[in-house]
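For reference, the chains in residue letters:
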Amino acid sequence: MTTISRPRLLGPGMNRVDGPLKVTGTAPYPSDFAYPGMAHAALVRSTVGSGRITEIDTAEAERAPGVVSVLTHLNAGHLDRGPMTPLGVSPPAPLQGDLILHYGQQVAVVVADTFEEATEAARLVRVHYAARPALLELDDPRAELRTNPWKRDAAWGNAAGALATAEVQVDETYFTVDNTNNPMGPLTTVARWEGDILLINNSTQWASLESTSLAVTFGIPEENVHVTAPYVGGGFGAGLRVWSHVILAALAARVTGRPVKLALTRPQMFTACGHRPKGRQRIRLGATRDGRLVAIDHEALTAAAMDDDNFEPTATVSATSYACPNVATHDTQARLNIPVPNSMRGPGASTGNYALECAMDELAYKLGMDPLELRLCNDADPHPPTGMPWSSRAHRECLERGAELFGWSRRAPEPRSMREDGMLVGYGLAAVGYPWFRARCVARVTIRHDGTAYVCSAGTEIGNGAYTVFVQLSAELLGLDPAQVTVGLGDSTMPLAPQTGGSGLTSAIGSAIHEACRNIIGAIVDLVADDTGSPLHGCTIDDVEAADGGIRRRGDLSRFASYRDILARLHRPDLTAEGESVPGTPQDLGMALAGAFGAKYVEVRVDPDLGRIRVVRAVSVIDGGRILNEKTARSQIIGGTVGGIGMALFEETVSDAPTGRIANATLGDYIVPVNADIPDMQVEFVGSWDRANPIGTKGIGEVGLVGLAPAIANGIFHATGRRIRSLPITMDQLL
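Quick look at the structure, then. Worth saying up front: this structure is predicted, and the values here are computed from it rather than measured. Starting afresh in each chain, residues are numbered from 1 along the sequence in its written order. Predicted model: local features are reported for residues with pLDDT of at least 70 only, side-chain atom pairs are reported and counted for 80 or more only, and whole-chain, interface and lining totals are derived from all residues. As a convention, hydrogens and water are excluded, and side-chain values are obtained from all of the structure's heavy atoms.

### Considerations on the overall build of the protein chain
At step 1: For the protein chain, the helix and strand inventory stands at 17 helices and 28 strands.
At step 2: Over its C-alpha atoms the protein chain spans a radius of gyration of 27 Å, differing by no more than 12% from the 27 Å that the globule rule assigns to 735 residues.
At step 3: Expressed along its principal axes, the backbone C-alpha trace of the protein chain runs to roughly 80 × 75 × 50 Å.
At step 4: Between two residues, a contact is recorded if the distance between any of their heavy atoms is within 4.5 Å. Of the contacts made within the protein chain by residues no fewer than 6 positions apart, 80% connect residues no fewer than 24 positions apart.
At step 5: The accessible surface values rely on the Shrake-Rupley method and a 1.4 Å probe; as for residues, cover is taken only from the protein chains in view. For the protein chain, the exposed area adds up to about 27000 Å²; of that, 51% sits on carbon and sulfur atoms.
At step 6: Where the 65 positive side-chain charges of the protein chain centre and where its 81 negative ones centre are 2 Å apart. In DSSP terms, a helix is any run of H or I states spanning at least four residues, a strand is any run of E spanning at least two, and both are numbered starting from the N terminus. Put simply, the radius of gyration uses C-alpha atoms, and a globule should come to 2.2 Å times the residue count raised to 0.38. Charge assignment: positive for Lys and Arg, negative for Asp and Glu; neither His nor the chain ends contribute. Charge positions are represented by NZ for Lys, CZ for Arg, CG for Asp and CD for Glu.

### Considering the environment of V544
At step 1: Its place among the elements puts V544 in strand β22 (residues 544–547).
At step 2: When a residue's accessible area, from a 1.4 Å probe over protein chains only, is under 20% of the maximum for its type it is buried; when over 50% it is exposed; and in between it is partly exposed. Residue classification places V544 among the buried residues on the basis of a relative accessible area of 0%.

### Overview of the sheet that holds strand β28 (residues 680–686)
At step 1: Two strands are said to pair when DSSP picks up at least two bridges between them. Strands sit in the order β17-β18-β26-β27-β28 across an open sheet of five strands; the sheet is mixed. Each of the sheet's edge strands pairs with one partner strand only, and the pair in question is β17 (419–420) and β28.
At step 2: Where strand β26 (residues 597–606) lies against strand β27 (residues 613–623), 10 bridges are found, and the strand directions are antiparallel. Counted as the bridge partner of E603 is R617 from β27.

### Considering the pairing of β27
At step 1: The buried count for β27 comes to eight of 11 residues, which makes it a mostly enclosed element.
At step 2: Taken together, the seven bridges between β27 and β28 define a ladder with parallel strand orientation. Following the sheet pairing, V621 is matched in β28 by E684.
At step 3: Orient the strands so they point away from the viewer, and a crossover whose first-strand-to-second-strand path over the helix runs clockwise is right-handed. What joins β27 to β28 is helix α15 (residues 630–649), and the crossover it makes is right-handed.

### Thoughts on the packing of helix α11 (residues 466–478) against helix α12 (residues 505–528)
At step 1: Following both chains from N to C, one finds α11 and α12 inclined at 25 degrees, their axes separated by 10 Å at the closest point. What the angle tells us is that α11 and α12 run roughly parallel. Where α11 crosses over α12, the two elements pack in a sense that is right-handed. On the side of α11, the interface is formed by F470, L473, S474, L477 and L478, while α12 contributes L505, T506, I509, G510, I513, H514, C517, I520 and I521.
At step 2: When the residues that make up the contact of α11 with α12 are grouped by side-chain class, the tally is 10 nonpolar, four polar and no charged. As a rule, the C-alpha atoms of each element are fitted with a line to give its axis, helices using only the stretch in contact, and angles between N-to-C directions run from 0 to 180 degrees. To sort the angles, those under 35 degrees are grouped as roughly parallel, those over 145 as roughly antiparallel, those from 65 to 115 as roughly perpendicular, and the leftovers as oblique. By convention the crossing between two helices is left-handed if the near helix lies anticlockwise of the far one by an angle smaller than a right angle, and right-handed if it lies clockwise. Ten residues, namely Ala, Val, Leu, Ile, Met, Phe, Trp, Tyr, Cys and Pro, are considered nonpolar, four, namely Asp, Glu, Lys and Arg, are considered charged, and the remaining ones, Gly among them, are considered polar.

### Remarks on the packing of α12 against helix α13 (residues 563–570)
At step 1: Their axes nearest at 11 Å, the elements α12 and α13 cross at an angle of 50 degrees. When the axis of α12 is compared with that of α13, the two are oblique. As for how α12 packs across α13, the hand of that crossing is left-handed. On the side of α12, the interface is formed by I521, I524, L527 and V528, while α13 contributes Y563, I566 and L570.
At step 2: Its residues assigned to classes, the contact of α12 with α13 shows seven nonpolar, no polar and no charged.

### Focus on the packing of aromatic side chains
At step 1: Pairing of aromatic side chains here covers Phe, Tyr and the six-membered ring of Trp, requires ring centres within 6.5 Å, and sorts the geometry by plane angle: under 30 degrees stacked, over 60 edge-to-face, intermediate tilted. All chains considered together, the criterion is met by 13 aromatic pairs.
At step 2: Seen from their ring centres, Y29 and Y231 are 6.0 Å apart, and the 55 degrees between their planes marks the pair as tilted. With a gap of 202 residues between them, Y29 in the loop between α1 (19–23) and β1 (39–45) and Y231 in the loop between β12 (225–228) and α6 (244–256) connect regions that are remote in the sequence.
At step 3: The exposure class assigned to Y29 is partly exposed, which follows from its relative accessible area of 25%.
At step 4: One aromatic cluster in this structure is built from F406, W408, Y427 and Y601.
At step 5: If you follow R192 out to its NZ or CZ, it ends over the ring of Y35, 4.0 Å from the centre.
At step 6: Our definition puts a charge over a ring when NZ of Lys or CZ of Arg is within 6 Å of the ring centre and also within 35 degrees of the ring normal. The ring of F597 has R393 sitting right over it, with the charged end atom 4.6 Å from the ring centre.

### Focus on the sheet that holds strand β6 (residues 126–131)
At step 1: Pairing within the open sheet is antiparallel, and its three strands lie in the order β4-β2-β6. Whereas interior strands pair on both sides, the edge strands pair on one side only; in this sheet they are β4 (99–100) and β6.
At step 2: Alignment of strand β2 (residues 51–57) against β6, held across six bridges, turns out to be antiparallel. Considered in β6, the bridge of I53 is made with Y129.

### A word on the environment of G538
At step 1: Note on placement: G538 falls in the loop between α12 and β22.
At step 2: Since its relative accessible area comes to 48%, G538 is described here as partly exposed.
At step 3: With 10 residues separating them in the primary sequence, G538 and V528 have C-alpha atoms 8.1 Å apart.

So, in structure tokens, the structure goes:
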């Protein structure tokens, strides 16, 4: 079976199929769900960063108007910790003891008839603590260190020896701060029980995992948990785990016998659903005088919670970014009294790439070499260290095309040598790669009696355009108009799908859809093969192609049957098939599996008197394999660019010592870029189909952010001659 033709690299920029629902306010987000008799829950959070609860008095709260129940560790009952997941252990179950591990830990939940009554009653819960000094700093000697926590440290050659004899060396340390996921829609859970069946509407990026985890926590069969998340108001990683508030909403619903809604407030988002952890990185580079890397040694220390294992491989980015004969990467975590960190857009890679690309820029200046030429002469092709060909790689093209679009050749090499309108002008560059990720996935395709199709899988739409690209892909594979295809997502009863995160969902679901479409067309051909009255009589799947709302024999337009006619002839109301995608291994495929690559170029302007920084231009050239929808893909890169500007110049979650209280847990105090901070942006896609999956795609959601922070930092150095090695870069650092 073939499709109507091999599509072009850039798919048509079809408008979002869910656009009308969103602009008319009718897309069902978790916070929109309501049920008869629904109660509301409000959280009580710890006001110390470490210690134990010595007393908790709920009497006044229980007497407050409208209160239905107050749950604490004294009456919550036993809840099992969720299972091991592909991202590590599940977070601890809430209300399972008196131990306090971080400021803002959830210590009680109040359930009342209205949100206002629950919120007011939560203020009346009195909690007394025996506080202990909180561990808050990475270099605190009391902190437990976890070395090589994910078994991803890399080592080949002799990095230490090569560094010692290198003609030119860079040895610098870079610092990043806590950043907090702030999706537009605060996370919300609506839970209800129907007998032993738990039904959840939730802001999740992983419905399949959530049903599994909740089943373990409450000790019920997985088929008794039904999670729905047809639309999520943004995620950036915040919805990748089953957080305590989700469990508490389900617990409250079970205890009260009523549906319960628990909507996090914006301040609670800062302690309830993860954040990008702060870190310190030391990078040592060794090179010849003509710019050939001879050694890379990258050490990263990042923060972890006391009782959790967040997945944040940071130094790993240096293992495959450049061709180098001697490499060592080392990741370490320090356990601190902090809210549980979690993936935030570009996890690990965004911080690791920041340090590496700043160090490469410093090496270029030491060598007196163009930063672009340094990167080109150390291009990592083939894959280090295996020597395998990449499944696809257009990194050099990204760098060269980006330089052309940006006008890199106009750059004056000397720092602080370019000015315009009284402002210092700087050009910055970063090379970008994001690791390959794909997981097992299943999709289901149904062709209905009217010739339309329904396609579904449990993956969620978080604003990334998933509904649209899967409509387009399904329509192409089935030979239908996109208007004839409906896609269902975000429901744990649909076929298994991985998380919407890690830039792996499109390839996973897309490949499963490809297989399901092949299977359903194969089933149709088998059903009509012996029907002498069918135009497809005697055909095999290899003889046909999908086109024009049906199936035809390749090379013979007269031998065509529409889906409508086929199903009518078979006396079937519909026909369904599933497809499974299982990622291959480099050994099986004979190639290194490639994630997305890119190049980021920025122009910054700095006021020489005030130190005020503005990014005025940003160019991103991306190798994302085959792009299913150029418009939604471009939007992904634009959104990532905005997030990267925030990481570079604005975002910092500030904690007070000695408690660890978040001091700026509102969008009035936690600064994110606004329209006035956003530059002219240009996005272009290059490359070719990726050979590691049948639809040729690579994920681009993460790579849009990675690289912006170092490109901006490098541009600021070029503009001012001041090398700032900590994020965010603020005007006071330049004064």
